[in-house]
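Architecture and fold: a report
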Amino acid sequence: QALAPLILAAPYLSSYLTEKTNGFRLFCVSRKGNRKYVFQKALAIALSGTAVLAFSEMVFAVLTGLRTEHDTSAEFMQGIVTFREDFFLGNPMLYFVLVYVSHIVYYFCFLIFAMGITSFFKSRIAVMAAPFLVMSVLDIALPVALQPNAVMRPYYREFCFGGYGALVGLYLVVGFILLMVSEKFYQKRGN
């Protein structure tokens, strides 16, 4: 979880930022138009970053599952989760599938948000550091139900569906707005 912003920023660094700095995007924009280019690029970056993390999480889950599959008695399973423990005890596999899907949605939305924030920067170091800093500030500044740390752990007591939905929605809205503002600045300045 701590490395998620770094892994998510990698596709952004390798394509969008590089295309902005070396001028290649001018060829794409002249063929597609700026709005279509930005939308398709944002979608490609969000999908690729999410796919990398989703695959990593799936490998971790499978390896963990193989290692702990024999520990399915009630004494081992109780206390693992605190949010909706009755649902977990009734169907642990479905519970973890839902947690996995919630992580995938979160990663996708966070990447849109991170692209919006970092689209104003030209420095690779700033692009790598900004998502970490923003997540740290949000973990301190937001109420517990909206904190990224609580939202990423739907198996703990602090999790609530409303906080998850609000944070994911906030990520999408703010990310797209900042990305569009950045693009307006880029079109006026040219770099």
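Reference entry: report on the structure contained in this document. (Residues numbered from 1 in each chain as written. Predicted model: local features only at pLDDT ≥ 70, side-chain atom pairs only at ≥ 80, totals over all residues. Heavy atoms only, no water.)

1. Points about the overall build of the protein
- The secondary structure content of the protein amounts to nine helices and zero strands.
- Sequence-ordered secondary structure for the protein, helices as α and strands as β, is α-α-α-α-α-α-α-α-α.
- Counting all 191 residues of the protein, 37% fall into the buried class.
- Taking the contacts inside the protein whose residues are at least 6 apart along the sequence as the reference set, 68% of them involve residues at least 24 apart.
- Surface summary for the protein: the accessible area is close to 10,900 Å², and the carbon and sulfur share equals 70%. (Helix = DSSP H or I, 4+ residues; strand = E, 2+ residues; numbered from the N terminus. Buried < 20%, exposed > 50% of the residue type's maximum accessible area, 1.4 Å probe, protein only. Contact = heavy atoms within 4.5 Å. Areas by Shrake-Rupley, 256 points an atom, 1.4 Å probe, with all protein chains shown as cover.)

2. A short note on the packing of aromatic side chains
- In this structure the tally under the stated criterion is seven aromatic pairs.
- Consider the rings of Y106 and F110, whose centres lie 6.2 Å apart with planes at 10°: the pair is stacked. Here Y106 pairs with F110, and both are found in helix α6 (residues 92-118), just four residues apart, close to one helical turn.
- An angle of 50° between the planes, with centres 6.2 Å apart, marks the rings of F110 and F113 as tilted. Remark: F113 and F110 occur in helix α6; sequence separation between them is three residues, near one turn of the helix.
- Relative accessible area serves as the criterion here: at 8%, F113 is assigned to the buried category.
- These aromatic residues form a ring-pair network of at least three members: Y106, Y107, F110, F113 and Y171. (Phe/Tyr/Trp six-rings, centres within 6.5 Å; stacked < 30°, edge-to-face > 60°.)

3. Here's the deal with the side chain of H103
- Mapped onto the elements of the fold, H103 is located in helix α6.
- Within the local environment of H103, its side chain forms a polar contact with the side chain of E57, the two groups lying 2.7 Å apart.
- In this structure, H103 is in contact with E57, M152 and P154, ignoring residues within four places of it in sequence. (Polar contact = N/O pair within 3.5 Å; in protein donor to acceptor, adjacent residues only side chain to side chain.)

4. Some remarks on the environment of T21
- Along the chain, T21 turns up in helix α1 (residues 4-22).
- Each C-alpha atom, one on T21 and one on K122, is 7.5 Å from the other, the two residues being 101 residues apart in sequence.

5. As for the nonpolar core
- The biggest cluster of nonpolar side chains holds 19 residues, and the ones touching the most others in it are Y106, F110, F113, Y164, L167 and Y171.
- For this core, the secondary-structure elements that each account for two or more residues are α6, α7 (124-141) and α9 (161-189).
- In terms of residue count, the dominant contributor to this core is α6 (seven residues).
- Residues contacting Y106, with those up to four places away along its chain left out, are M135, P148, V151, M152, Y164, L167, V168 and Y171.
- C28, I45, A46 and L179 belong to the second largest nonpolar core, which has eleven residues in total. (Core = buried A, V, L, I, M, F, W, Y, C linked by side-chain atoms within 4.5 Å.)

6. Quick look at the packing of α6 against α9
- Packing of α6 against α9 brings their axes to within 7 Å, and their N-to-C directions diverge by 30°. In terms of their interaxial angle, α6 and α9 are classed as roughly parallel. Both α6 and α9 take part in a crossing whose hand is left-handed. Every residue of α9 that contacts α6 at S102, V105, Y106, C109, F110, I112, F113, M115, G116 and I117 is listed here: Y164, L167, V168, Y171, L172, V174, G175, F176, L178 and L179. (Axes fitted to C-alpha atoms, helices over the stretch in contact; angles between N-to-C directions. Parallel < 35°, antiparallel > 145°, perpendicular 65-115°, else oblique. Left-handed = near helix turned anticlockwise from the far one by under 90°.)

7. Some thoughts on the environment of R124
- Mapped onto the elements of the fold, R124 is located in helix α7.
- Along the sequence, R124 and T18 sit 106 residues apart, while their C-alpha atoms lie 9.4 Å from each other.

8. Some thoughts on the packing of α6 against α7
- One can describe the packing of α6 onto α7 by two numbers: an axis separation of 10 Å at closest approach and a directional angle of 115°. As α6 packs across α7, the resulting crossing turns out to be right-handed. Residue-level contacts link Y106, F110, F113, A114, I117 and T118 of α6 to V127, A130, P131, V134, M135 and L138 of α7.
- In terms of residue class, the contact of α6 with α7 is built from eleven nonpolar, one polar and no charged. (Nonpolar A, V, L, I, M, F, W, Y, C, P; charged D, E, K, R; others polar.)

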